[in-house]
Structure formats: structure tokens, C-alpha cells
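A closer look at the structure
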Amino acid sequence: MMNRNQVLALVISIVLIASFLYSKFEGVGPNIHLANATAHEHLKWEMRNLGISFNTEVMGNGNEHIFWNEEDDEKVRELIEIVIEEYY
């Protein structure tokens, strides 16, 4: 039988794990990885020039993904179309 402190520790652990998983999977936002490295760098360059805030993260498979905010989604998608037309 678990005492009160053990139950409290278990509940806190579950909440922390749940919040970590939520931040990793639900709070990610829009992102992309372009297989063509030149196109990928060109997209980041264009985003910087337009003042679009973004972050990059290398995923488990070694590919760098570009993450941006929801409010910039439409502008970034237009840029992606332009870059894809140019490089693919």
C-alpha cells in the first residue's frame, strides 16, 4: 500500500511527463525539412530577409527542420512554393 507522499510523488511525475509529451507533440507548430540542402538554406535566408521568426532543430534522423509561428504560416507557405519551384 502506498502512503500519501508516494501517491503525491506519483501524481506529480505523471503530470510532468504529460506536460513534456504535450510540449513535444502538440505544441510543435508548423515545420518543414527540404531534402535539397541548398533549397533548405535558401528558405531560411528568405525567412530572415522578411523578418519571419523561426527556429531550427535537428531531429532524430539527422535532418534539420525549420519551425515557425502560426501567424507567419501563410507567408512561409508562399515562400516554400517559390523555393520548391526554383530548386525542384
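A few points on the structure. (Residues numbered from 1 in each chain as written. Predicted model: local features only at pLDDT ≥ 70, side-chain atom pairs only at ≥ 80, totals over all residues. Heavy atoms only, no water.)

**A few points about the overall build of the protein**
Each helix and strand in the protein was counted, giving 3 helices and 3 strands. Ordered by position from N to C terminus, the α and β elements of the protein give α-β-α-β-β-α. Here the protein holds 88 residues, and 24% of them are scored as buried. Within the protein, residue pairs in contact and separated by at least 24 positions form 53% of the contacts whose partners lie at least 6 positions apart. (Helix = DSSP H or I, 4+ residues; strand = E, 2+ residues; numbered from the N terminus. Buried < 20%, exposed > 50% of the residue type's maximum accessible area, 1.4 Å probe, protein only. Contact = heavy atoms within 4.5 Å.)

**Thoughts on the side chain of His40**
As for its position among the elements, His40 is in helix 2 (residues 37-49). A distance of 3.0 Å separates the side chain of His40 from the side chain of Glu64, its partner in a polar contact. Apart from the residues within four sequence positions on either side, His40 is in contact with Ile32, His33, Leu34, Glu64 and Ile66. (Polar contact = N/O pair within 3.5 Å; in protein donor to acceptor, adjacent residues only side chain to side chain.)

**Here's the deal with a negative patch on the surface**
Taken together, Glu74, Glu78, Glu81 and Glu85 make up a surface patch of like negative charges. Turning to its location among the elements, Glu74 is positioned in helix 3 (residues 73-87). (Patch = residues over 30% accessible without salt bridge, like charges linked within 9 Å, V, L, I, M, F, W, Y side chains within 5 Å. Areas by Shrake-Rupley, 256 points an atom, 1.4 Å probe, with all protein chains shown as cover. Salt bridge = Lys/Arg side-chain N within 4 Å of Asp/Glu carboxyl O. Lys, Arg positive; Asp, Glu negative; His and termini not counted. Charge placed at Lys NZ, Arg CZ, Asp CG, Glu CD.)

**Focus: a nonpolar patch on the surface**
Together, Met2, Val7, Leu10, Val11, Ile14 and Val15 give the surface a local cluster of nonpolar side chains, amounting to about 520 Å² of exposed area. With respect to the helices, strands and loops of the structure, Leu10 is situated in helix 1 (residues 4-25).

**Observations regarding the sheet that holds strand 3 (residues 64-68)**
Across the sheet, 3 strands lie side by side as 1-3-2; this open sheet has antiparallel pairing. In the strand order of this sheet, the two ends are held by strand 1 (31-32) and strand 2 (54-58), each with one partner. As defined by bridge partners, strand 1 adjoins strand 3 across 2 bridges and the pair is classed as antiparallel. Note that in strand 3 the partner of Ile32 across the bridge is Ile66. (Pairing = 2+ DSSP bridges.)

**As for the packing of helix 2 against helix 3**
At their nearest, the axes of helix 2 and helix 3 sit 10 Å apart, and the two run at 145° to each other. Pair helix 2 / helix 3 crosses with right-handed handedness. Seen from helix 2, the contacting residues are Thr38, Ala39, His42, Leu43, Glu46 and Met47; seen from helix 3, they are Val76, Leu79, Ile80, Val83, Glu86 and Tyr87. Here the contact of helix 2 with helix 3 is composed, by residue class, of 8 nonpolar, 2 polar and 2 charged. (Axes fitted to C-alpha atoms, helices over the stretch in contact; angles between N-to-C directions. Left-handed = near helix turned anticlockwise from the far one by under 90°. Nonpolar A, V, L, I, M, F, W, Y, C, P; charged D, E, K, R; others polar.)

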